[in-house]
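Residue-level structural notes
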Amino acid sequence: MSGHDSKYFSTTKKGEIPELKEELNSQYKDKRKDAVKKVIAAMTVGKDVSSLFTDVVNCMQTENLELKKLVYLYLINYAKSQPDLAILAVNTFVKDSQDPNPLIRALAVRTMGCIRVDKITEYLCDPLQRCLKDDDPYVRKTAAICVAKLYDINAELVEDRGFLESVKDLISDNNPMVVANAVAALTEIQDNSVRPVFEITSHTLSKLLTALNECTEWGQVFILDALSRYKAADAREAENIVERVTPRLQHANCAVVLSAVKMILQQMELITSTDVVRNLCKKMAPPLVTLLSAEPEIQYVALRNINLIVQRRPTILAHEIKVFFCKYNDPIYVKMEKLEIMIKLASDRNIDQVLLEFKEYATEVDVDFVRKAVRAIGRCAIKLERAAERCISVLLELIKIKVNYVVQEAIIVIKDIFRRYPNTYESIIATLCESLDTLDEPEAKASMIWIIGEYAERIDNADELLESFLESFPEEPAQVQLQLLTATVKLFLKKPTEGPQQMIQVVLNNATVETDNPDLRDRAYIYWRLLSTDPEAAKDIVLAEKPVISDDSNLLEPSLLDELLANIATLSSVYHKPPETFVTRVKATAQKTEDDEYAEGSEAGYPESSAHSADGPTSPPTSSSNDAHVGATRPASAPSTSPPAAPVPDLMGDLLGMSNNSIVPVDQPSTPPGPPLPVLLPASTGQGLQISAQLKGQDGQIFYNLLFENNSQIPLDGFMIQFNKNSLGLAAAGPLQVPQLLPGTSVAILLPMVLFQNMSAGPPSSLLQVAVKNNQQPVWYFNDKISLHVFFTEDGRMERGSFLETWRSLPDSNEISKDLPGITVNGVESTLDRLVESNMFFIAKRKHSNQDVFYFSAKIPRGVAFLIELTTVVGTPGVKCAIKTPSPEMAPLFFEAIETLLKS
Amino acid sequence: MFIQHSNVYLMAASRQNCNAASLISFLHSVVDHYFEELEEESLRDNFVVVYELLDEMMDFGYPQYTEAKILSEFIKTDAYRMETSQRPPMAVTNAVFLDVVESVNILVNTNGQVIRSDVVGALKMRTYLRLLLGYSDVGLVYMLVYKAATCCGMPECKLGLNDRVLLEAQGRATKGKAIDLEDIKFHQCVRLARFENDRTISFIPPDGAFDLMTYRLSTQVKPLIWVEAQVEKHSRSRVEIMVKARSQFKERSTATNVEIELPVPVDASNPNIRTSMGSASYAPENDALMWKIKSFPGGKEYMLRAEFSLSSITAEEATPERKAPIRVKFEIPYFTVSGIQVRYLKIIEKSGYQALPWVRYITMAGEYELRLI
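All chains use their own residue numbering, which begins from 1 and follows the written sequence. Numbering of ligands from 1 and lettering of chains from A proceed in the order in which they are written. Whole-chain, interface and lining totals are the exception, using all residues; otherwise, since this is a predicted model, local features are given only for residues with pLDDT of at least 70 and side-chain atom pairs are given and counted only at 80 or more.

1. Focus on the overall build of chain A
Helical segments are the DSSP runs of H or I of at least four residues, strand segments are the runs of E of at least two, and each set is numbered from the N terminus. A count of helices and strands for chain A gives 37 helices and 13 strands. A buried classification covers 44% of the 904 residues belonging to chain A. Here, residue contact means that the backbone-derived C-beta atoms of the two residues sit within 7 Å. Relative to all contacts within chain A whose residues are 6 or more apart in sequence, the contacts with residues 24 or more apart total 65%. Between the buried cut of 20 or more and the exposed cut of 12 or fewer other C-beta atoms within 10 Å of a residue's own C-beta lies the partly exposed class, and all C-beta atoms are placed from the backbone.

2. Points about the overall build of chain B
Within chain B one finds seven helices and 20 strands. Every one of the 373 residues in chain B was classed for burial, and the buried ones make up 36%. The long-range share in chain B, meaning contacts at least 24 apart out of those at least 6 apart in sequence, stands at 73%.

3. Considering the confidence of the model for chain B
All names here are of chain B. You can read pLDDT as the predictor saying how much it trusts each residue, on a scale of 0 to 100. On average, residues of chain B score 73 in pLDDT, and 73% of them are at 70 or above. Counting interchain partners and residues more than four positions distant, the pLDDT-below-50 stretch residues 77-92 has 26 contacts. Note that pLDDT drops below 50 for residues 130-152; the model gives that stretch 37 contacts with residues more than four away or on any other chain. With pTM at 0.67, the complex prediction returns an ipTM value of 0.74.

4. Let's talk about the interface of chain B and chain A
Across the contact, 68 residues belong to chain B and 80 residues belong to chain A. The element best represented in the side of chain B that touches chain A is helix H1 (residues 20-34) of chain B, accounting for six residues. Grouping the amino acids of the side of chain B that touches chain A by side-chain chemistry returns 33 nonpolar, 14 polar and 21 charged. Residue type decides the class: Asp, Glu, Lys and Arg count as charged, Ala, Val, Leu, Ile, Met, Phe, Trp, Tyr, Cys and Pro as nonpolar, and the leftover types, Gly among them, as polar.

5. Observations regarding the nonpolar core
Residue and element names in this part refer to chain A. We define a nonpolar core as a collection of buried residues of the types Ala, Val, Leu, Ile, Met, Phe, Trp, Tyr and Cys that are connected via C-beta atoms lying within 7 Å of each other. Core analysis: the biggest nonpolar cluster contains 283 residues, and Val 147, Val 183 and Ile 377 have the highest contact counts within it. When sequence neighbours within four positions are dropped, the list of residues in contact with Val 147 reads Val 158, Phe 163, Val 167 and Ala 185. By size, the runner-up hydrophobic cluster in this structure holds 52 residues, among which are Leu 728, Phe 792, Met 840 and Ala 858.

6. Considering the sheet that holds strand E11 (residues 225-233) of chain B
All names here are of chain B. If DSSP finds at least two bridges between two strands, the strands pair. Sheet architecture is open: four strands sit in the order E11-E12-E17-E14, paired in antiparallel fashion. The open sheet has two edge strands, E11 and strand E14 (268-275), and neither has a second partner. Strand-to-strand twist across the sheet, computed as the mean angle between neighbouring axes with direction ignored, equals 15°. Relative to strand E12 (residues 238-247), E11 runs antiparallel, the two sharing nine bridges. Bridged to Glu 228 within E12 is Lys 244. Angles shown run from 0 to 180 degrees and are taken between the N-to-C directions of axes, each axis being a line fitted to C-alpha atoms and, for helices, limited to the stretch in contact.

7. Some words on the packing of helix H26 (residues 478-494) of chain A against helix H28 (residues 518-533) of chain A
Residues and elements named next belong to chain A. Where H26 contacts H28, the two axes come as close as 10 Å, and the packing angle between them is 5°. As far as their axial angle goes, H28 and H26 are roughly parallel. Within the contact between the two elements, H26 uses Ala 478, Gln 481, Leu 482, Leu 485 and Val 489 and H28 uses Asp 519, Leu 520, Arg 523, Ala 524 and Tyr 527. The labels follow the angle: roughly parallel below 35 degrees, roughly antiparallel above 145, roughly perpendicular from 65 to 115, and oblique for the rest.

8. A closer look at the environment of Met 177 of chain A
All names here are of chain A. Here Met 177 is to be found in helix H11 (residues 176-191). A count of 25 C-beta atoms within 10 Å places Met 177 in the buried class. Separated by 43 residues in sequence, Met 177 and Gln 220 place their C-alpha atoms 9.2 Å apart.

9. Topic: the pairing of strand E2 (residues 689-698) of chain A
Residues and elements named next belong to chain A. Here two bridges tie strand E1 (residues 679-681) to E2, and the two strands are oriented antiparallel to one another. Residue pairing across strands places Leu 681 opposite Ile 691, the latter belonging to E2. Note: E2 against strand E3 (residues 701-710), 10 bridges, orientation antiparallel. Following the sheet pairing, Gln 698 is matched in E3 by Gln 701.

10. Details of helix H13 (residues 217-227) of chain A
Among the 11 residues of H13 of chain A, 11 are classified as buried, and the element is accordingly described as predominantly covered. Burial in H13 of chain A covers these residues: Glu 217, Trp 218, Gly 219, Gln 220, Val 221, Phe 222, Ile 223, Leu 224, Asp 225, Ala 226 and Leu 227 of chain A.

11. Side note on the environment of Phe 469 of chain A
All names here are of chain A. Inspection of the secondary structure puts Phe 469 in helix H25 (residues 462-470). A tally of 22 C-beta atoms within 10 Å means that Phe 469 is categorised as buried. C-alpha of Phe 469 to C-alpha of Ile 449: the two residues are 20 residues apart in sequence and 8.8 Å apart in space. Those residues in contact with Phe 469 that lie beyond four places of it in its chain are Ile 449 and Leu 484.

12. Some points on the sheet that holds strand E11 (residues 851-860) of chain A
Residue and element names in this part refer to chain A. An order of E9-E13-E12-E11-E10 is seen for the five strands of this open sheet, with the pairing classed as antiparallel. Edge positions in the sheet fall to strand E9 (815-824) and strand E10 (841-848), since each of these pairs with one other strand and no more. With strand direction ignored, the average angle separating the axes of adjacent strands in the sheet is 20°. In this structure, E11 lies alongside strand E12 (residues 864-872), joined through nine bridges in antiparallel fashion.

13. Re unusual backbone geometry
Residue and element names in this part refer to chain B. Even without being a glycine, Asn 257 presents a positive backbone phi close to 50°. You can see Asn 257 is positioned in strand E13 (residues 254-263). Given 15 C-beta atoms within 10 Å, Asn 257 falls into the partly exposed group. In this model, Tyr 334 sits at a positive phi of 55°, which is unusual for a non-glycine residue. Mapped onto the elements of the fold, Tyr 334 is located in the loop between strand E18 (326-333) and strand E19 (342-348). We classify Tyr 334 as exposed; it has 11 C-beta atoms within 10 Å.

14. Considerations on the environment of Pro 297 of chain B
Residues and elements named next belong to chain B. Topologically, Pro 297 is positioned in strand E16 (residues 288-297). Given 13 C-beta atoms within a 10 Å radius, Pro 297 is considered partly exposed. When the C-alpha positions of Pro 297 and Gln 248 are compared, they lie 9.4 Å apart, and in sequence the two are 49 residues distant. The contact partners of Pro 297, leaving out residues within four places of it in the chain, are Ser 247, Glu 251 and Thr 254.

15. Brief notes about the packing of helix H6 (residues 102-114) of chain A against helix H8 (residues 137-153) of chain A
All names here are of chain A. Where H6 meets H8, the closest approach of the two axes is 9 Å, and the angle between their N-to-C directions is 5°. As far as their axial angle goes, H8 and H6 are roughly parallel. Facing Pro 102, Arg 105, Ala 106, Val 109, Arg 110, Gly 113 and Cys 114 of H6, the residues of H8 in contact are Tyr 138, Val 139, Thr 142, Ala 143, Cys 146, Lys 149 and Leu 150.

Dropping the structure here:
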């Protein structure tokens, strides 16, 4: 029996909506049902059928389950656009939730949870309460998930109505599927809540482990994922848990296996017995290998995770490298990941075989893959000293094939090999030089030039070779220009003859006068100054010994790796990024203020698709080559060898004179007069406009204290100011009123500010980004810091009693402490006075051995209170500050504030 | 994240750090378990059922049930049901079919060394055991399958294999062949904890077809069918390929449906092919020569010789040619590489019905690649 539903898609007559309306109100059941199907079909293909809302809802009261499901579907889709009409449906929902048929009861609750309209949500509570205690497990398991839905809509409601408790009760349910869904719901709620909602005790642990054996594969995943957060008390408990989880490795579902692996790896951290660990490693290897026979998408997820696992425990798969050999038909994104893992697993024992594979790959057709294979050979050479020679000979063989991109890639990696093993393999330079003309990619060119410069004394015609590049200097990409500059300087220092001297004139001229790339210009100036003052020093610096580079194939930070391992099987482990960097809703915790630094890290995209795969995981970890460039110039800035920095201004003058350059940098004015506001936009960057600013609290109002100084030659007017989204939502309360600013004058402004106007998402940060513009200049951007103490309000004083009570009522997880080692409290009285001035109110003081402990309270707008405990020995440096607050995510900001306060 | 299945994309979107492995597995199981022929047309034809299905399969992003059997109990819209394994007419009641299917994956490099070989086996089971229960409350069906089944008529089964660990644990002398299975995966219905304890495979089979167990061995396997090829370029315009295929298994077994795919240059034309057995044809769409041998007994060797003309204009630059490996497909019935044997399949049925197990063995080529040319 094949379907005929497709006919519902093909009504394109005029007046469709009125026609449907009529049919929906037909007295015949069949006709109504068909009409609803048509409506759903139209909805599916994206037509707006919301105008039929009332008519569809009228069909809701039906005995026909199929029709009911369709109407519900419609409701889910359109309730949001017609919130007032959606109320019409409430009665039927409530009635359905008491239907004798469990399927209908569950359906009603499930659907109501999906309708994100506040008014409906209110009516959801009672049915939900009943369904959580329903006799039928199917209804209970649906209700459990519904609590998570409700939490997403209205968290307070869930907490007020005690649904959390009900769901927790379901963990002890006798039906495993109910247990699994309750766990899933609680885990999700926990993810979005700052408060501890779902804590796994040893009691729940054993319950869940039992349920694990009986529930569906997906349920097992929920439970394993939740349990992997459990921290075992000691090694013995960890071993017990692991013992009960290991059978899951035998499950046919890849997700179950990966979640089990995650859990075992977590517990393994605690297990001390090496025998047990070794045994577990042995047990985990085969299931991990089997994951590679799954569908390619799953393989990809598995490979990304294996990549993490081998970084932590290389032994697990040390003998399994062969399974990562690429198959001809593997999608490219799988091949790329396999290659990455092969590099990680390569060892002296298997390198021959691995090289043979790499060589094979290097002759395939896919350019990106070939490049990565060549690069892989180089990385192995850097990683395994004893295999370096074999790697080089393979690379040379590849160069002989004379496929352009292979040659270029080979040169790039050979440069790294030279860096790693200096003065070992220079005999091959001649071969490399043969390919000089074919190079057309910047990185390959730059690498080749680096090699020439580095070994200028051994290459007879080094000057000719470099000269051939010089002709096109202005057209080269920056990377090549920088390298040419450095190489020429090296050449000149090594062979200070006439030819190179002329070359260096040309290069320096090109790199200073004719370029507008500041990096290039700065580097050129540094060389120029060095060469003109002290050529010997220049030699010491430019030709200094370079630090040895190392293999970068284990490039994740240990702390990041820990976090990623805790997230095995999730998106985070696939991206190799911590969840906060791509999930906006994740709760903000105090400890995670530094995540910004990861944001730029590792790969950019998530290539789930074959189409996309090329850019994401392929983006080769370029750091090894970058290292080389940085390394080549690093000595220039190395403080140990560089000459004293003092004469720089003079030199600058010389230099500018020499090059007849007229770019006159504006001298920074000596300390600005008036109040010492921090300079945020120095005149040198602001084309003569200097802005100093600081936040200031005054009479319960927040102001932005600004000082504008016009050091330019022209009058400036039409000033405007804009604040980027920030953690406190600071914004200007009114327009910036700056009169026309004549050259050489300044004006101070007190700009009133408001809070909570443009809040930024994510963890709080003290960064305040400001943009200022005027009619004459481009927009200026500068950064300021939000110092929290400015915001302390006057109503922050607390009575002793309420202080104690609040302190006790807040959970321990809200207590955060920090040592402020550089701070000394000298006079107690004066310090307290100063703190009170900033609205930080003294509560009590006690002695603890030789230390004094002070208690304070403070409050910032919106009633967020801070309870503060300062521990110190008066007169000696070092203060320990502990705070308790309902918003622990504000802690880092607070600590910054208190540090400033105590210092001043 | 998404997967593609013929002309349909299945996609899941998430705002959270969701379990990627689980979701992708879920998407695959949506395709595998329920839609036998999933394509745009069948979606259109069944959009109502599909809505209902997805509704049951996933709630708020959490996969719920994916087993066709259970789902079909929730969804009564049978009208245009396209799929779920049509139960055969109940002529064969109470029979259990067990197919032991092994596929051999092999990778041979240019020097003729086997660089990787493994065997992936699966015990595919089809059961037609009668459900003796007349249940009415559909909401409780999964209870029935997962919990209550023992007492309500689904028989419990026990499977015995010649697994070395098991035999040794039972203290039996490992006479004859016992094998080491490396990584065993079981279907949902097998009691994993019990297997972990005493390596007994005990389970209550769902009705219908399913993979009871899969396993993997990575012992070195001698390539069952060895292919050697020589390519001679006589001039710029003519290429000659000589291929030898040899079966390296016992004479009493016979490989059937052997297909050898030989890559040929992209610009080859005018094929002239002679074979000592089977038929060969040129498949320009794959740039390959397909050599098919219906029946290939053990210990035999067959030859193929082919000549092609090449378009005489060749690019001066040596662009790398697509280097496809030789691929081989075959089936060898009544034979397993691993030597796995089903020692017994006990069906413990309280009601006294006798169920008959049938066991078949077959070996197939999986990813069988020889990089010879």
